[in-house]
Amino acid sequence: YLEQDNDLRKLKFPNEKYSKLANIFIEPHLIRYYENPQTKTAVQKKFSMTELISHDESLIIDGPAGFGKSTLLKSIARNLIEQNDSGSEKKNFPIFVSTLEIFESEFNIHNVILKKIGNYTEASFRELSDEYKVHLLIDSIDEFDESIPSILNQLAEIEKKYKVKYYIATRNSEIIASKSPAKLSTFSIRRFNLTQIKLFLNAFFSGDEGKCSSLLDAIRDNQMIERLPMSPLTISLLSILFEEKELEIPATIS
């Protein structure tokens, strides 16, 4: 399901080489802000995707549009599935829930889950949660405004009743955190740094060092890292433009 359900694939690029964008995943830098109990001041700490998965409580993944929140959720799901081969006592069962699926279920999260698991097992949700560690990956509820409190209440109830961990991707963590009856930790995705940009370009240009270096030089020379929101979406668009036109990236592109 994760392999098939991808927004980039739905675009049906005329050039097949652009379809590989759907498979490029550069692990984001995640930051969590919290209060130091000794100094009573706000501090920040970096987290990896692995640490995010091992975090005991449900959580929020925050970041602007195009920063790779959906891709991160799907990578978390893939990682959870791969962990099942390690012989752990209780295996993972990740359930990825899209915004459209929530809307089509009239904002009933329980019904979304039942419909999703019905494609794979005849077990009830109770039986599933007893046998597996269920992870709900919610791909944004930002668009639902008045229904957000109801959705958050349902998630908190499901977490308590079935011991489910849920992850909510959002562009506005403050709204989600303020309306949630459960206390949710927030992990923010940071913009790409130069190292991440290099990794992305190497993957896109498949080892063509000339093109990779040329585009990287253009990004640095035009100060795009400072001017543009350096995200997976931005780098994808720049890479397509560079590959398609084979022109120097104009300084006015921002």
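Everything that follows concerns the structure shown earlier in this document.
Source: prediction; values computed, not measured. (Residues numbered from 1 in each chain as written. Predicted model: local features only at pLDDT ≥ 70, side-chain atom pairs only at ≥ 80, totals over all residues. Heavy atoms only, no water.)

Caption draft 1: Broad picture of the packing of helix α9 (residues 194-204) against helix α10 (residues 209-221). Remark: α9 packs on α10, axes separated minimally by 10 Å, with the N-to-C direction vectors making an angle of 145 degrees. Along this stretch, α9 crosses α10, giving a crossing that reads as right-handed. Contacts from Leu194, Ile197, Lys198, Leu201 and Asn202 in α9 reach Cys212, Leu215, Leu216, Ile219 and Arg220 in α10. When the residues that make up the contact of α9 with α10 are grouped by side-chain class, the tally is 7 nonpolar, 1 polar and 2 charged. (Axes fitted to C-alpha atoms, helices over the stretch in contact; angles between N-to-C directions. Helix = DSSP H or I, 4+ residues; strand = E, 2+ residues; numbered from the N terminus. Left-handed = near helix turned anticlockwise from the far one by under 90°. Contact = heavy atoms within 4.5 Å. Nonpolar A, V, L, I, M, F, W, Y, C, P; charged D, E, K, R; others polar.)

Caption draft 2: Region of the structure containing the side chain of serine 185. Among the structural elements, serine 185 can be located in strand β7 (residues 185-189). A relative accessible area of 8% means that serine 185 is categorised as buried. At a separation of 3.3 Å, a polar atom in the side chain of serine 185 contacts the side chain of arginine 32. (Buried < 20%, exposed > 50% of the residue type's maximum accessible area, 1.4 Å probe, protein only. Polar contact = N/O pair within 3.5 Å; in protein donor to acceptor, adjacent residues only side chain to side chain.)

Caption draft 3: Focus on the side chain of serine 140. Within the secondary structure, serine 140 sits in the loop between β5 (133-139) and α7 (148-162). A residue is classified by how much of its surface remains accessible, and serine 140, at 10% relative accessible area, is buried. When sequence neighbours within four positions are dropped, the list of residues in contact with serine 140 reads Thr99, Ala169 and Arg171.

Caption draft 4: Region of the structure containing the pattern of salt bridges. Counted under the stated rule, the structure contains 5 salt bridges. Of the charged contacts, one joins lysine 116 and glutamate 101 as a salt bridge, the two residues approaching to 3.0 Å between their closest N and O atoms. Remark: glutamate 101 occurs in helix α4 (residues 99-104) and lysine 116 occurs in helix α5 (residues 109-117); sequence separation between them is 15 residues. Ionic contacts of the salt-bridge type, sharing partners, join the residues Asp142, Glu143 and Arg171 into one network. (Salt bridge = Lys/Arg side-chain N within 4 Å of Asp/Glu carboxyl O.)

Caption draft 5: Quick peek at the environment of tyrosine 18. Mapped onto the secondary structure, tyrosine 18 falls in the loop between α1 (7-10) and β1 (30-35). A relative accessible area of 3% means that tyrosine 18 is categorised as buried.

Caption draft 6: Representation of the packing of aromatic side chains. All chains considered together, the criterion is met by 7 aromatic pairs. Centre to centre, the rings of phenylalanine 47 and phenylalanine 187 are 5.0 Å apart; their planes meet at 85 degrees, and the pair counts as edge-to-face. Of this pair, phenylalanine 47 sits in strand β2 (residues 42-47) while phenylalanine 187 sits in strand β7, and the two are 140 residues apart along the sequence. The exposure classification of phenylalanine 47 matches that of phenylalanine 187, with both residues buried. Seen in terms of ring centroids, phenylalanine 93 and tyrosine 132 are 5.4 Å apart; in terms of plane orientation they differ by 65 degrees. Their pairing is edge-to-face. With phenylalanine 93 in strand β4 (residues 92-98) and tyrosine 132 in the loop between α6 (125-131) and β5, this residue pair connects regions lying 39 residues apart in the sequence. What makes phenylalanine 93 buried here is its relative accessible area of 16%. Chaining the aromatic ring pairs together yields one cluster made of Phe103, Phe107 and Phe144. (Phe/Tyr/Trp six-rings, centres within 6.5 Å; stacked < 30°, edge-to-face > 60°.)

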